[in-house]
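Results of the structural survey
Chain by chain, the residues run as shown.
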Amino acid sequence: MATIDLLDKIASNNGIYKNTYKKRLLTIDESVEQLQKNMKSFKKNVKSLKNYASQQTPKSKVARQFKDLAKSFTSLTKNMDDIPDPELRAQLSELSDLFSKNEKQLKSIGLVQADNKLTFKEDIFDDAEDEFLDSLLIGKDCFIKQVDKILRKTEKCADDAKYDVVNRKISKTMHYSSAELGFAYTFESISALKRVDGAVQAGTLTTDQQKSITENLKLFSKHAFNVNESNPTDSQKEIQKLCELQKEKLLDVGILYTADNNLEFQTDPPLDMSTARFQTAFHDLFGANSTFGEAIQKYCQDEAGDLINLKKSGASLIDAYI
């Protein structure tokens with residue numbers, strides 16, 4: 001919640017409050033995001049080749065699949081050195097090494113590596129024997145199954161590397177009206193008075209607590225009506241009605257109506273906080289379950305909730321994506 005000190009600073013700065021704080025942001029690595037798009041295409045091509053059946057899958061279909069595989073593999077690996085995450089780079093390198101390790105077999109069916117590209121030579125493929133295809137595409141530890149195994153690990157690494165949490169300095173300037181400040185002061189004064197009601201009722205008030213009660217009763221008197229004669233809000237009107245109904249009890253805690261129908265805290269004679277009359281009135285007005293205090297605070301929240309809930313520092317949880 002906004003403290004009285006914070007409200008004083010905002011009021012002294014003509015209602016302007018600049019809040020600078022650190023915020024934890026969840027960032028998305030665009031290079032990894034693009035890699036995942038390329039990986040999706042490559043995975044689709046790998047999956048289609050895993051369905052190869054010897055002497056059953058039309059050779060023309062396998063040719064198209066190898067052509068697509070070559071294209072998607074090149075897109076996937078061409079910028080792998082630019083990936084910031086070392087584990088993800090390692091997985092991509094493992095995938096690339098697997099293709100290099102099987103370069104001779106791949107070349108025999110038309111997949112040729114040159115200048116960091118994998119291209120498909122259909123004329124070589126047309127002359128390739130089925131046994132070469134079978135050795136690459138059939139069997140528990142065949143080439144295409146090994147590719148799929150590495151690819152699944154790479155996908156997991158990419159998911160982990162896509163997001164990163166960073167601390168960013170955020171500056172935000174807010175402008176509050178005098179009416180909003182009045183509602184916030186009223187809310188905070190009631191909160192402060194509620195906190196000492198137990199001591200008031202027990203008759204154990206310290207000097208500092210008595211001083212705090214005096215200061216907050218003054219604040220309440222000054223801001224509760226939050227007078228805006230030209231265009232009072234519904235909340236202002238309701239707060240005035242509530243105070244009108246509690247005139248006598250307000251007087252018992254030192255707050256009286258002035259000739260111009262406003263509130264004023266009287267300093268003479270000094271307020272005796274040890275009397276039963278004061279204690280009863282104080283509890284009825286500002287006790288923990290006081291309907292008077294609760295109702296006024298609700299109206300204040302309705303009118304100036306953002307200011308009342310203002311904090312000096314930013315959120316500590318991840319709450320933004322950039």
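Bear in mind that the values here come from a model prediction, so they are computed numbers and not experimental data.

1. Notes on the overall build of the protein
When helices and strands are counted, the protein shows 15 helices and six strands. In summary, the protein has a C-alpha radius of gyration of 37 Å against a globular reference of 20 Å for 322 residues, an excess of more than 25%. Dimensions of the protein, computed from C-alpha atoms along their principal axes, come out at roughly 110 × 40 × 30 Å. Across the 322 residues of the protein, 41% fall into the buried class. Taking contacts inside the protein between residues at least 6 apart in sequence as the whole, the part at least 24 apart equals 75%. A total accessible area of about 18600 Å² is found for the protein, and carbon and sulfur atoms account for 46% of it. Separation between the mean location of the 46 positive side-chain charges and that of the 49 negative ones in the protein comes to 6 Å.

2. Describing the nonpolar core
If you look at the biggest cluster of nonpolar residues, it comprises 44 residues, and the most contacted ones within it are I213, F220, C243, F282 and F286. In terms of residues, this core owes the most to one element, helix 9 (residues 178-195), which gives seven residues. Discounting residues that sit within four places of it in the chain, I213 has contacts with L193, V196, V200, L205, M273, F278 and F282. In terms of nonpolar packing, the next biggest core, distinct from the first, is built from 40 residues, L95, L118, L133 and A158 among them.

3. Things to note about a negative patch on the surface
A contiguous patch of negative charge, built from E122, D123, D126 and D127, is present on the exposed surface. Relative to the helices and strands, D123 is located in helix 6 (residues 122-127). Owing to a relative accessible area of 52%, D123 belongs among the exposed residues under this scheme.

4. Focus: the packing of aromatic side chains
The geometry of an aromatic ring pair comes down to the distance between the two centres and the angle between the two planes. According to the stated counting rule, one finds 13 aromatic pairs in the structure shown. On the numbers, 6.0 Å between centres and 50° between planes, the contact of F42 with F73 is tilted. Taken as a pair, F42 in helix 2 (residues 30-50) and F73 in helix 3 (residues 59-77) lie far apart in primary sequence, 31 residues in all. Exposure remark for F73: the relative accessible area of 4% places this residue in the buried category. Measuring from ring centre to ring centre gives 5.0 Å for F99 and F143, while their planes differ by 85°; the resulting arrangement is edge-to-face. You can see F99 sitting in helix 4 (residues 86-101) and its partner F143 sitting in helix 8 (residues 143-162), a full 44 residues away along the chain. Owing to a relative accessible area of 4%, F143 belongs among the buried residues under this scheme. An aromatic cluster is defined as three or more aromatic residues linked by ring pairs; in this entry it consists of F220, F278, F282, F286 and F292. Residue placement shows K59 over the ring face of F125; its charged tip is 5.4 Å from the ring centre.

5. Some points on the pattern of salt bridges
For side chains of opposite charge, pairing can occur when their charged atoms come near one another. Inspection of the entire model under this criterion finds 10 salt bridges. Put simply, K194 and E294 hold a salt bridge, and the shortest N to O gap is 2.8 Å. Of the two residues, K194 sits in helix 9 while E294 sits in helix 15 (residues 291-308), which places them 100 residues apart along the sequence. Note on E294: relative accessible area 38%, which makes it partly exposed. Here the residues in one salt-bridge network are K50, D148 and R152, joined through shared partners.

6. So, unusual backbone geometry
A cis geometry characterises the amide bond from D268 onward to P269, with omega recorded as 5°. Mapped onto the elements of the fold, P269 is located in the loop between strand 6 (263-265) and helix 14 (276-286). Unlike most non-glycine residues, N14 shows phi in positive territory, near 60°. For N14, the location among the structural elements is in the loop between helix 1 (4-12) and strand 1 (16-28). Here Q55, not a glycine, exhibits a phi torsion of approximately 60°, which is positive. Here Q55 is to be found in the loop between helix 2 and helix 3.

7. A short note on the side chain of N45
Mapped onto the secondary structure, N45 falls in helix 2. In this structure N45 comes out as buried when scored by relative accessible area, which is 11%. Residues within four places of N45 in sequence aside, it is in contact with D68, L69 and S72.

Rules used in this analysis
- Residues numbered from 1 in each chain as written.
- Predicted model: local features only at pLDDT ≥ 70, side-chain atom pairs only at ≥ 80, totals over all residues.
- Heavy atoms only, no water.
- Helix = DSSP H or I, 4+ residues; strand = E, 2+ residues; numbered from the N terminus.
- Rg over C-alpha atoms; globule rule 2.2 N^0.38 Å.
- Buried < 20%, exposed > 50% of the residue type's maximum accessible area, 1.4 Å probe, protein only.
- Contact = heavy atoms within 4.5 Å.
- Areas by Shrake-Rupley, 256 points an atom, 1.4 Å probe, with all protein chains shown as cover.
- Lys, Arg positive; Asp, Glu negative; His and termini not counted.
- Charge placed at Lys NZ, Arg CZ, Asp CG, Glu CD.
- Core = buried A, V, L, I, M, F, W, Y, C linked by side-chain atoms within 4.5 Å.
- Patch = residues over 30% accessible without salt bridge, like charges linked within 9 Å, V, L, I, M, F, W, Y side chains within 5 Å.
- Salt bridge = Lys/Arg side-chain N within 4 Å of Asp/Glu carboxyl O.
- Phe/Tyr/Trp six-rings, centres within 6.5 Å; stacked < 30°, edge-to-face > 60°.
- Lys NZ or Arg CZ within 6 Å of the ring centre and 35° of its normal.

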